[in-house]
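Residues per chain, in single letters:
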Amino acid sequence: MMKKVFIACLLLLAAAAQAQTARTFKLPLTADGDAHMVAFLPEHPTGRAIVGIPGGGYSMLSNTHEGTQWSQWLNGQGIAYFVVNYRLPNGDRTRPVSDVESAFRIVRDSAALWNVYPHDVGIMGFSAGGHLASVISTLSDFEVRPDFTILFYPVISMDERVSHRYSCLNFLGAEGQKDPELVKKYSTQNAVRRHLTPPAIILASSDDRLVPLVTNGVAYYTAMRNAGNQCAMHIYPTGDHGWGIGPWFKFHDQMLNDLSSWLNQLPVHRPEAVRVACVGNSITDGHGIEMATQYGYPALLQQQLGKDYWVKNFGVSGRTLLREGDFPYTEEMAWRDALAFRPDIIVLKLGTNDSKPQNWRYSDSFKEELEQMVTQLCPDLAALSKSKKKGKKARQASVSAKPLIFLCTPLPAFKSSWDINETVIAGEVIPRIQEVAEKYHLPVIDLHAQFAGDSSLLQADGIHPNEKGVKKMADIIAEVLKNTK
């Protein structure tokens, strides 16, 4: 009798596990079907999705315990799961990269149909698949870049001397391995970008004998931490390499708990959230603020605005609005990302670095190039500037144009650090910003006036806001955005 009850319980548990997956299907990723994606949609979706990238040294696909066998656990968490059976590179790295990028396009394009939030889609890669996942996370365009990254005992370096030799050879090819620039580019710890590379978790064993941990997983973690990006790492005492979701892994339950806890603390970006892009130089970037991704002014702005908003930091230190400046902002990945983000609101704060002598000699172009930036961010404004609407009607039309752009004046420079010139900022940069704002009927957030006379809000360099200063910036900008209808 006891044996029958036990068997009945096992059958019930199996049935319950199967019920967690509502639908399974396969989709081709290439016209010839050489690459395909297997989808597992959960019975009770949360809106989150993960694209899975099996390992195999770029010579085969380990798509069971590093692939399809994850579906039960992930679907049980309400997470949609898509396993990519990508083409092996055989020296042509574009093959697996394009397959995974195609998978992301399909998942995001079909998000509403599959009960997925298009920007709550992560990537999970194992070993060589971890390398591929890190390539997509760092080098792919915003449209196909994941929102979070899970790396299991990943290959990161393409230098075969400190990595898994055959993964390096198979991905880059024999000729590619001889090209130092190519090796550097695809050693993805070198490709991590502050604010732009998605949050990551790395899970590995200390005794991994196949992929050296320190020069791979730890190297990626170090790059993320040095950039101030959110990253967690769990190193288990034993397990060697390749355990995936295999029950034989001694720390299997602990690993799943660690992963679940990390996933649960990630922000959820709902499709209806108001998107806010913070575009600017080092003051937006958070220079001098430890872990600026979490404690810079855009992060504090997110806290103040709450879950109905999605605030992203597109600041890059040292950048100029002037295209002939020493480091033009519009040549950065951050600028391309800001456009691709399709924001509803843009907080634009540039001009500080333009005041340097080597940059301000091109001052005649400042107003025109600010106009070009504004109209590229919001093409509707170009038409409005040529319309015959005046006064109140023009202002109303500019507010209805999307995205809504707020022009911020630079902070006052209390010192001439890096040759930044307060006289130029106050007397020449700000008047040009105000002229553009008047022409396009854009609101101005006058940070210069609100920080004037209070050097206690700045760091010792007299240029960048300290923790008190970034809080004040967030307070000022949040108040303006909340009161904007």
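Residues numbered from 1 in each chain as written. Predicted model: local features only at pLDDT ≥ 70, side-chain atom pairs only at ≥ 80, totals over all residues. Heavy atoms only, no water.

Novice: Where do I start with the side chain of serine 137 in this structure?
Specialist: Note that serine 137 resides in helix H4 (residues 128-139). Given the relative accessible area of 0%, serine 137 is considered buried. The residues contacting serine 137, other than those within four sequence positions of it, are Ile123, Arg145, Pro146, Thr149, Thr197, Pro198 and Tyr220. (Helix = DSSP H or I, 4+ residues; strand = E, 2+ residues; numbered from the N terminus. Buried < 20%, exposed > 50% of the residue type's maximum accessible area, 1.4 Å probe, protein only. Contact = heavy atoms within 4.5 Å.)

Novice: Can you help me understand helix H14 (residues 366-377) in this one?
Specialist: The terminal C-alpha atoms of H14, which comprises 12 residues, lie 16 Å apart, in line with the 16 Å expected from a rise of 1.5 Å per residue. Every buried residue of H14 is listed here: Phe366, Glu369, Leu370, Glu371, Met373, Val374, Thr375 and Leu377. (Expected span 1.5 Å × (residues − 1).)

Novice: What is the right way to look at the pattern of salt bridges in this model?
Specialist: As a working rule, side chains carrying opposite charge can pair if their charged atoms are close by. Taken as a whole and assessed by the stated rule, the structure comprises 14 salt bridges. Here aspartate 337 makes a salt bridge to arginine 145, at a shortest N to O gap of 2.6 Å. In this pair, aspartate 337 sits in helix H12 (residues 333-340) while arginine 145 sits in the loop between H4 and strand S6 (149-152), placing the two residues 192 residues apart along the sequence. Two residues, lysine 439 and glutamate 371, come together in a salt bridge whose shortest N-O distance is 2.9 Å. Of this pair, lysine 439 sits in helix H17 (residues 422-440) while glutamate 371 sits in helix H14, and the two are 68 residues apart along the sequence. (Salt bridge = Lys/Arg side-chain N within 4 Å of Asp/Glu carboxyl O.)

Novice: Explain the state of the cysteines here, please?
Specialist: Note on terminology: a disulfide is the covalent bond linking the sulfur atoms of two cysteines. Tallying each qualifying case throughout the model produces 0 disulfides. Here cysteine 408 is not cross-linked by a disulfide; its sulfur's nearest cysteine counterpart is in cysteine 278, at 8.5 Å. Using a relative accessible area of 2% as the deciding quantity, one classes cysteine 408 as buried. (Disulfide = S-S within 2.5 Å.)

Novice: Would you mind going over the pairing of strand S2 (residues 36-42) with me for this structure?
Specialist: Strand residues, when the strand is regular, have side chains that alternate between the two faces of the sheet. Of all 7 residues making up S2, 6 are buried, and the element is well covered by its neighbours. Across 7 bridges, strand S1 (residues 21-28) lies against S2 in antiparallel orientation. For phenylalanine 25, the partnering residue across the bridge sits in S2 and is alanine 39. Summarising the sheet, S2 and strand S4 (residues 80-85) pair through 5 bridges and their orientation is antiparallel. Looking at the pairing, alanine 39 lines up with phenylalanine 82 of S4. (Pairing = 2+ DSSP bridges.)

Novice: What exactly am I supposed to notice about the packing of H14 against H17 here?
Specialist: Relative orientation and spacing of two packed helices are given, respectively, by the angle between their axes and the distance between those axes. Orientation of H14 relative to H17, taken along the N-to-C sense of each, is 45 degrees, at an axis distance of 10 Å. Relative to H17, the element H14 lies oblique. For H14 against H17, the interelement crossing comes out right-handed. Between H14 and H17, the contacting residues are Phe366, Lys367, Leu370, Glu371, Val374 and Thr375 on the first element and Val429, Arg432, Ile433, Glu435, Val436, Lys439 and Tyr440 on the second. For the contact of H14 with H17, the class distribution of residues is 7 nonpolar, 1 polar and 5 charged. (Axes fitted to C-alpha atoms, helices over the stretch in contact; angles between N-to-C directions. Parallel < 35°, antiparallel > 145°, perpendicular 65-115°, else oblique. Left-handed = near helix turned anticlockwise from the far one by under 90°. Nonpolar A, V, L, I, M, F, W, Y, C, P; charged D, E, K, R; others polar.)

Novice: Can you help me understand the environment of arginine 23 in this one?
Specialist: Structurally, arginine 23 can be placed in strand S1. Each C-alpha atom of the pair arginine 23 and glutamine 69 lies 15 Å from the other, and the pair is 46 residues apart in sequence.

Novice: Explanation requested: unusual backbone geometry in the structure shown.
Specialist: The bulk of non-glycine residues show a negative phi, and the bulk of peptide bonds are trans. Positive phi, normally seen in glycine, also occurs at tyrosine 153, with a value near 30 degrees. Of note, tyrosine 153 is situated in the loop between S6 and helix H5 (165-176). Accessibility expressed as a relative area gives 1% for tyrosine 153, which makes it buried. For histidine 195, which is not glycine, the phi dihedral falls at a positive 75 degrees. Of note, histidine 195 is situated in the loop between helix H6 (180-186) and strand S7 (200-205).

Novice: Would you mind showing me how to read the sheet that holds strand S11 (residues 345-349) here?
Specialist: By definition, the strands of a sheet pair up through backbone hydrogen bonds, in either a parallel or an antiparallel sense. With parallel pairing, 5 strands are arranged side by side in an open sheet as S10-S9-S11-S12-S13. Across the chains shown, the open sheet's two edge strands, defined by having one partner strand only, are strand S10 (309-315) and strand S13 (444-445). Where strand S12 (residues 404-408) lies against S13, 2 bridges are found, and the strand directions are parallel. Residue pairing for S13: leucine 407 is matched across the bridge by valine 444.

Novice: So what exactly am I meant to see when it comes to the packing of aromatic side chains here?
Specialist: The way to describe two aromatic rings as a pair is by their centre distance and the angle between their planes. Counted by the stated rule, this structure contains 24 aromatic pairs. With a centroid separation of 4.7 Å and an interplanar angle of 15 degrees, the aromatic rings of phenylalanine 126 and phenylalanine 152 are classed as stacked. With a gap of 26 residues between them, phenylalanine 126 in strand S5 (residues 121-126) and phenylalanine 152 in strand S6 connect regions that are remote in the sequence. Ring geometry for phenylalanine 171 and tyrosine 186: centres 5.4 Å apart, planes at 70 degrees, overall edge-to-face. Taken together, the residues span a long stretch of sequence, with phenylalanine 171 in helix H5 and tyrosine 186 in helix H6 at a distance of 15 residues. With relative accessibility at 0%, the residue phenylalanine 171 sits in the buried group. Look at tyrosine 186 and you get buried, because its relative accessible area is 11%. (Phe/Tyr/Trp six-rings, centres within 6.5 Å; stacked < 30°, edge-to-face > 60°.)

Novice: What exactly am I supposed to notice about the pairing of S6 here?
Specialist: Residues of S6 alternate between two faces, with Thr149 and Leu151 on one and Ile150 and Phe152 on the opposite face, all of them buried. In terms of strand pairing, S5 meets S6 through 4 bridges, oriented parallel. Its bridge partner lying in S6, isoleucine 123 is registered against threonine 149. For the crossover from S5 across H4 to S6, the handedness is right-handed. Strand direction decides the pairing type here: S6 and S7, joined by 4 bridges, are parallel. (Right-handed = clockwise from strand over helix to strand, strands pointing away.)

Novice: Looking at this model, I keep getting lost on the sheet that holds S1. Mind explaining?
Specialist: Across the sheet, which stays open at both edges, the 8 strands sit in the order S1-S2-S4-S3-S5-S6-S7-S8 with mixed pairing between neighbours. Pairing within the sheet leaves two strands with one partner each, and these edge strands are S1 and strand S8 (231-236). For this sheet, the mean angle separating the axes of adjacent strands, direction not counted, is 15 degrees. Along the sheet, H4 makes contact with strand S3 (49-53), S5 and S6, crossing S5 at roughly 145 degrees.

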